[in-house]
Amino acid sequence: MSISSRPPRLLPLLLCALPGCMSLDGFFFNGTPVDEYVLDFGEVPAEQIEEQSFTNEADGNTLSGVWAHQPEPGAPVLLYFHGNAENIDAYSDSVERYWTWGLEVFVFDYRGFGKSEGESSYDGVISDAAAAIDHVSAETGLATEEFAYLGLSLGGFASIQNAADRPPKVLITESMFASAEHLGNISVGQSLPPGWFFEDPFDNTDAAASVTVPYLIMHGVEDEFIQISNAHEVYAAANDPKLLWEVPGADHTTIPDTDPDGYREHVLCWYLQPLDCPDDLVPPP
């Protein structure tokens with residue numbers, strides 16, 4: 001079961017989770033623990049790939065991450081928060097894509113994923129994301145306001161929940177859900193009391209209201225798993241400057257492949273604001 005690769009529809013799962021049956025919080029976590037990574041980032045030369053471990057000082061867990069370094073120092077830095085499926089290995093195409101754009105990329109595994117210690121949990125993902133942000137800041141010597149966060153699905157949750165206390169230069173989320181409550185209500189077609197299916201709120205809409213940095217939201221129009229109404233709700237709650245890019249023909253995982261030129265333009269224009277960007281893709285100063 002995976003939010004990030006060929007995800008199932010939620011309704012059958014929700015029908016199995018009637019009150020007194022089970023909580024679906026574990027639905028968000030589908031990590032694959034491994035002893036070693038098999039890292040193949042395509043065009044990224046092996047000598048530019050650096051595996052690192054770092055400590056979550058909040059609880060002492062050792063977490064694992066990987067850098068895709070640019071050949072020359074000083075490249076713009078992107079911290080990538082991956083989705084809920086598998087581990088770093090499964091996101092090699094994303095790392096390669098951002099690296100070929102000239103970005104210095106760091107990707108890490110949450111607890112219970114890959115080589116990272118611990119058991120997956122709501123609070124744990126938020127805490128691990130904070131630890132990764134602090135690690136990137138310490139490794140690069142950059143304040144958080146000097147690099148970008150990009151989160152896919154569950155990674156959107158991990159990044160937006162930290163964006164108020166550790167503000168990035170820009171926040172970018174892709175195919176992100178609004179909240180556990182929104183997921184449940186959309187799937188069953190009616191409003192249900194909070195906590196009906198999920199113990200934890202996973203409330204990205206509320207978090208968006210606290211984000212004060214430029215915020216780009218990307219969502220596939222054909223996403224049948226995390227419907228685009230999630231993006232609409234988050235966008236309505238977010239502060240300016242903000243931009244919602246709705247991608248025709250894209251589902252939950254195919255935005256980069258459905259419109260690769262548009263994807264590159266939106267991410268780089270929102271982050272780096274090069275001179276050839278359309279005015280409507282550049283956040284106001």
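Here the structure is a predicted model, which is why all the values come from computation and not from measurement. (Residues numbered from 1 in each chain as written. Predicted model: local features only at pLDDT ≥ 70, side-chain atom pairs only at ≥ 80, totals over all residues. Heavy atoms only, no water.)

Draft legend 1. Looking closely at helix α2 (residues 92-100). The buried fraction of α2 is high, at seven of nine residues. Of the positions making up α2, those classed as buried are S92, S94, V95, E96, R97, Y98 and W99. (Buried < 20%, exposed > 50% of the residue type's maximum accessible area, 1.4 Å probe, protein only. Helix = DSSP H or I, 4+ residues; strand = E, 2+ residues; numbered from the N terminus.)

Draft legend 2. Structural detail: the nonpolar core. Membership of the largest hydrophobic core comes to 84 residues, with the highest contact counts inside it found for L79, F81, Y98, F108, Y215 and Y263. The contacts of L79, once residues within four sequence positions are left out, are F106, F108, A132, I133, V136, F147, A148, Y149 and L150. (Core = buried A, V, L, I, M, F, W, Y, C linked by side-chain atoms within 4.5 Å. Contact = heavy atoms within 4.5 Å.)

Draft legend 3. Spatial organisation of the state of the cysteines. If you walk through the whole model with that rule in mind, you get one disulfide. Linked covalently through their sulfurs, C269 and C277 form a disulfide whose S-S length is 1.9 Å. Disulfide C269-C277: the torsion about the S-S bond is -95°, which places it as left-handed. Here C269 and C277 have matching classes, each one buried. (Disulfide = S-S within 2.5 Å.)

Draft legend 4. View of a negative patch on the surface. Together, D261, E265, D276, D279 and D280 line one region of the surface with negative charge. Residue classification places D280 among the exposed residues on the basis of a relative accessible area of 57%. (Patch = residues over 30% accessible without salt bridge, like charges linked within 9 Å, V, L, I, M, F, W, Y side chains within 5 Å. Areas by Shrake-Rupley, 256 points an atom, 1.4 Å probe, with all protein chains shown as cover. Salt bridge = Lys/Arg side-chain N within 4 Å of Asp/Glu carboxyl O. Lys, Arg positive; Asp, Glu negative; His and termini not counted. Charge placed at Lys NZ, Arg CZ, Asp CG, Glu CD.)

Draft legend 5. Representation of the confidence of the model for the protein within the structure. Averaged over all residues, the pLDDT of the protein equals 88, while 85% of them reach at least 70. Under a pLDDT of 50 for its full length, residues 1-25 has, in the predicted model, 67 contacts with residues more than four places off or in other chains. Confidence over residues 187-196 falls short of pLDDT 50; this stretch has 14 contacts with residues more than four positions distant or in other chains. (pLDDT = per-residue confidence, 0-100.)

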